[in-house]
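Observations on chain architecture
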Amino acid sequence: MPEPVVRAEGLRKSYGPRVVALDGVDIDVRPAELLAITGPSGSGKSTLLSCLSGLTTPDEGRVLCDGVDLATLDDDARSDLRAERFAFVFQTLNLLPALTVAENVQLPLVLRGDQAEDIRRKTTEMLLQVGLADRDGEFPASLSVGEQQRVALARALSTDPDVLWADEPTGALDSASGEQIVALLRRAVASSRTVVVVTHDAHVASSSDRIVTMRDGAIEPG
């Protein structure tokens, strides 16, 4: 079995004295898989995703990316890791309303300092993949929620990340739009990317390669 892209060992995270979000979690994130993290509200799913991706530092335990402990990285190195190897999609989308669809997709490439010609090519490629090439000059407010989520996914994948972290990406979508997002996530995995998704959506879970179920801050056995 190939080495995990990300490995967590003994993760513990609390918010105040009474809220234990993670209670000794061990988990491997494998290359080129769609991993679904499920469980009831308050079970620690989003906290686990945040710790695995380096957005949150656990109180105890460690997160390794290709053998490097994220806790040993300074803020700049951790930011570089997230910018170069990771990408994120959240239910809140975080599209910039003053930018067009194309400009939203271009943003991480511009911030990375890519060449203008490469940015144009990649933007066109990504919008074609999500079926929105004809909407490139529109603003997010003119799109449906499902279309906005596809723009957010195009933006996240534009940087060719090794791992895509997604927190409830279909939570606000109807079933047809949700199926489109699942198809795009599967396409990303087929392109040798790893996708880790927190979800309550049974269709997302059933379309994954592996399901991890959390309860009370721990991973349920089996």
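Structure first, text after, so check above.
Residues numbered from 1 in each chain as written. Predicted model: local features only at pLDDT ≥ 70, side-chain atom pairs only at ≥ 80, totals over all residues. Heavy atoms only, no water.

**As for the pattern of salt bridges**
Where charged atoms of side chains with opposite charge meet at close range, the side chains can pair. Worth spelling out the cut-off: Counted as salt bridges are all cases of a side-chain nitrogen of Lys or Arg within 4 Å of a carboxyl oxygen of Asp or Glu. Each helix is a run of H or I in the DSSP string that is no shorter than four residues. Each strand is a run of E no shorter than two, and both are numbered from the N terminus. Buried, partly exposed and exposed residues are distinguished by accessible area as a fraction of the type maximum, computed with a 1.4 Å probe on protein chains only: under 20%, between the cut-offs, and over 50%, respectively.
In this structure the tally under the stated criterion is 17 salt bridges. One salt bridge connects glutamate 9 with arginine 62, and the closest N-O pair in it is separated by 2.7 Å. Of this pair, glutamate 9 sits in strand β1 (residues 6-15) while arginine 62 sits in strand β4 (residues 60-65), and the two are 53 residues apart along the sequence. Given a relative accessible area of 29%, glutamate 9 falls into the partly exposed group. The partly exposed category is assigned to arginine 62, whose relative accessible area is 37%.

**Quick word on the layout of surface pockets**
Summary: where empty space remains is shown by rolling a probe the size of a single water molecule over the atoms. Worth spelling out the cut-off: Put plainly, a pocket is an open set of points on a 1 Å grid over the protein atoms alone with protein on both sides within 12 Å along at least five of seven lines, a cavity is a set where a 1.4 Å probe fits but cannot get out, and a lining residue has an atom within 4 Å of a point. Grid points are joined across faces, edges and corners, and a volume is the space filled by probe spheres set on the points. Here the nonpolar group is Ala, Val, Leu, Ile, Met, Phe, Trp, Tyr, Cys and Pro; Asp, Glu, Lys and Arg are the charged ones; every other residue, Gly included, is treated as polar.
The space that makes up the largest pocket amounts to roughly 510 Å³. For the largest pocket, the lining is made up of 19 residues, of which Arg82, Phe86, Ala87, Phe88 and Pro108 are closest to its centre. Looking at the lining of the largest pocket, the elements with two or more residues in it are α2 (75-84), β6 (86-90), α3 (101-112) and α5 (145-157). Among the residues forming the lining of the largest pocket, the class breakdown is 13 nonpolar, three polar and three charged.

**Focus: the sheet that holds strand β3 (residues 34-38)**
Where strands meet in a sheet, backbone hydrogen bonds hold them as pairs that are either parallel or antiparallel. This is how it is decided: By definition, two strands form a pair when at least two bridges between them are found by DSSP. We call two residues contacting when some pair of their heavy atoms lies within 4.5 Å. Only the contacting stretch of a helix is used when fitting its axis, a line to C-alpha atoms as for every element, and angles between N-to-C directions run 0 to 180 degrees.
As summarised here, the arrangement of the six strands in space is β6-β7-β8-β3-β9-β10, forming an open sheet in which the pairing is mixed. Where the open sheet ends on each side, the last strands, each with one partner, are β6 and β10 (218-219). Sheet topology places β3 next to strand β8 (residues 194-198); four bridges connect them, and they run parallel. Its bridge partner lying in β8, leucine 35 is registered against valine 196. Each of β3, β6, β7 (163-167), β8 and β9 (210-215) is contacted by helix α1 (residues 45-52), which is oriented at about 155° to β7, the strand it contacts most.

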